[in-house]
Amino acid sequence: TIGVVASENPATLKFSVQIVDTEKKAELNLSVVNEARLALEAPVLAIIADGQNDLSVNVSARDANNGVMASVNGKVTIGVSDPLMGEVIEKEIQLAGGQGSFHFKAGKKSGKVLLSALSGAIDPGTLELRLLPGPPAKIGLTADSDILPTVAGSQVQISAMLFDTN
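Draft legend 1. Spotlight on the environment of Leu141. Within the secondary structure, Leu141 sits in strand 12 (residues 136-143). The exposure class assigned to Leu141 is exposed, which follows from its relative accessible area of 66%. Separated by 17 residues in the primary sequence, Leu141 and Ile158 place their C-alpha atoms 6.9 Å from one another. Setting aside residues up to four positions removed in sequence, Leu141 forms contacts with Ile158, Ser159 and Ala160.

Draft legend 2. Fine view of the side chain of Arg62. Tracing the backbone through its elements, the reader meets Arg62 in strand 5 (residues 54-62). Here the side chain of Arg62 touches Ser60 through a polar contact of 2.8 Å, side chain to side chain. For Arg62, the residues in contact, after removing those within four places along its chain, are Glu35, Ala36, Arg37, Ala39, Glu41, Gly67, Val68 and Met69.

Draft legend 3. A look at the pattern of salt bridges. This structure, assessed with the given rule, holds 3 salt bridges. One salt bridge in this structure joins Arg62 and Glu41, with 3.9 Å as the shortest N-O distance. Remark: Glu41 occurs in strand 3 (residues 37-41) and Arg62 occurs in strand 5; sequence separation between them is 21 residues. Overall, the relative accessible area of 13% leaves Arg62 in the buried class. With relative accessibility at 42%, the residue Glu41 sits in the partly exposed group. Among the salt bridges present, the one from Asp82 reaches Lys109, with a minimum N-O distance of 3.2 Å. Of the two residues, Asp82 sits in the loop between strand 6 (75-80) and strand 7 (86-88) while Lys109 sits in the loop between strand 9 (99-106) and strand 10 (111-119), which places them 27 residues apart along the sequence.

Draft legend 4. Fine view of the nonpolar core. Formed by 28 residues in total, the largest nonpolar core has its most connected members in Val59, Phe102 and Phe104. Elements that contribute at least two residues to this core include exactly strand 3, strand 5, strand 6, strand 9, strand 10 and strand 11 (122-132).

Parameters and conventions
Residues numbered from 1 in each chain as written. Predicted model: local features only at pLDDT ≥ 70, side-chain atom pairs only at ≥ 80, totals over all residues. Heavy atoms only, no water. Helix = DSSP H or I, 4+ residues; strand = E, 2+ residues; numbered from the N terminus. Buried < 20%, exposed > 50% of the residue type's maximum accessible area, 1.4 Å probe, protein only. Contact = heavy atoms within 4.5 Å. Polar contact = N/O pair within 3.5 Å; in protein donor to acceptor, adjacent residues only side chain to side chain. Salt bridge = Lys/Arg side-chain N within 4 Å of Asp/Glu carboxyl O. Core = buried A, V, L, I, M, F, W, Y, C linked by side-chain atoms within 4.5 Å.

Now the structure itself:
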């Protein structure tokens, strides 16, 4: 086991070991980066909370200049702030070339939900989605009275109500 201390300058460190008089060897690349973070992106930031909508979310490892860090190939753990709002289909993904993706399936509860990505030494990333109520499943009318007298100035209050699928 050896310890490695990073400098303040971005670089790629290459390590290799080989057993003497054999062809057996191993190699390892480490990236030294400034302000590495995970970024989450989706084609839309609002979907209908109908229990069926599925959204693909992209994850990428980014450097201080917002460039994709193609040398990052680690595991990323994906989370959701409220399981009633929806579920993450892939709870863990593997970045390849600094990028990966996962699917979020909306629940039936509307509101804001926060998706998160965590991976070792890289700063975590988050994405806020809005889950919107579904289209009205039913419409109703009510009145404060069933009778409207024929007297001038008589009034009845009528209300319309929309009910969503949830």
